[in-house]
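Fold and contact review
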Amino acid sequence: MSAKTILITGASSGIGASLARVYAAQGARLVLWGRNEERLNTTAAECRARGAQIETTCFDLAELNQIVENLEAADTRNPFDLVIFNAGLGGSLPRDRAAQDVGAAERMAGVNFTAPVVGANLIAERMAKRGRGRIVFIGSIAESFPLPMAPLYAGTKAGLALFAEALELRLAKYGVRVTLVSPGFVDTPMSRSLREPRPFLIGADEAAAIIARKIERGARRIVVPWQFAVIRAAAGLVPRAIMRAVLARAAR
Ligand SMILES: NC(=O)c1ccc[n+]([C@@H]2O[C@H](COP(=O)([O-])OP(=O)(O)OC[C@H]3O[C@@H](n4cnc5c(N)ncnc54)[C@H](OP(=O)(O)O)[C@@H]3O)[C@@H](O)[C@H]2O)c1
């Protein structure tokens, strides 16, 4: 069987870098996107050391035209079997701010929602024509909770989750599959910057190994670590008013 061709966005750090190393060890041909050149090169070197063929592209995902150009060019050279939209911006609001400043709001909405949605629409059309392929979104368990400490983050991830599910239904008849991954707390620079506790914290390499294994099995929904699937299910049984009161109190 020929090597799988895989795109991973946000491969210069955290979950994306760990996923790149997992797929490199499986002999995949990897296209790695990131913004910080030095960190992306480090991931690329680690992947090459595992025997994988690597191509890197550094740019800011806020540049939507760059997403289109780079995705079209790479997919034309070597059609992707798997595209993982992982890059994201996190962080909770500072306590002394009522809301995010306009620039930060635009950046987070762009990277967490607009960029993966634009990229996914482009690659979905191409994969549908080929009659195969898988698109993966790294969302967040935050998609299920109206988090007052991070309203925009929760909102972008909720939007992404609904988009992923609708796209999955849309693309099924074309033979293109969609997977939504909803991490809880994974030990990465993003989660380390949070001031809140990180229950059930899992390492990025362990999370990536679980995610890759479940994608290989064809999972449509992945929650990692699993405890957050239980928390979400339990929260669904609690009246919304109680959940809102608990979250509002936690944010004080
Ligand atoms: N860690 C957690 O606990 C957790 C929980 C739930 C969901 N997630 C999700 O998991 C995904 C990966 O997060 P992580 O924890 O691995 O975070 P991370 O270590 O901070 O990595 C984020 C990645 O996204 C890239 N990125 C951010 N803004 C970008 C931009 N404007 N243009 C291009 N690339 C950009 C970063 O690139 P540079 O480093 O090159 O800037 C980096 O590679 C995110 O979607 C996040 O929301 C994480």
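Computed from a predicted structure; not experimentally measured.

What counts, and where the lines are drawn
Residues numbered from 1 in each chain as written. Predicted model: local features only at pLDDT ≥ 70, side-chain atom pairs only at ≥ 80, totals over all residues. Heavy atoms only, no water. Axes fitted to C-alpha atoms, helices over the stretch in contact; angles between N-to-C directions. Helix = DSSP H or I, 4+ residues; strand = E, 2+ residues; numbered from the N terminus. Parallel < 35°, antiparallel > 145°, perpendicular 65-115°, else oblique. Left-handed = near helix turned anticlockwise from the far one by under 90°. Contact = heavy atoms within 4.5 Å. Near = heavy atom within 4 Å. Polar contact = N/O pair within 3.5 Å; in protein donor to acceptor, adjacent residues only side chain to side chain. Areas by Shrake-Rupley, 256 points an atom, 1.4 Å probe, with all protein chains shown as cover. Nonpolar A, V, L, I, M, F, W, Y, C, P; charged D, E, K, R; others polar.

A word on the packing of helix 1 (residues 14-25) against helix 2 (residues 37-49)
At a minimum axis distance of 8 Å, the contact between helix 1 and helix 2 shows a crossing angle of 20°. On the basis of their axis angle, the class for helix 1 and helix 2 is roughly parallel. Handedness of the crossing formed by helix 1 with helix 2: right-handed. On helix 2, the residues touching A17, A20, R21 and A24 of helix 1 are T43, E46 and C47.

Comments concerning the site of the ligand
Surveying the vicinity of the ligand reveals 31 residues, the closest of which are S12, S13, N36, Y153 and T188. At 3.5 Å from an oxygen atom of the ligand is found a main-chain nitrogen or oxygen belonging to G14. Contact distances for the ligand include 2.7 Å between an oxygen atom and a side-chain N or O atom of Y153. Burial of the ligand by the protein amounts to 94% of the accessible area it has alone, namely 900 Å². Secondary-structure elements contributing two or more residues to the shell around the ligand are helix 1, helix 5 (151-171) and helix 6 (189-192). The element contributing the most residues to the shell around the ligand is helix 6, with three residues. A class-by-class count of the residues in the shell around the ligand yields 14 nonpolar, 13 polar and four charged.

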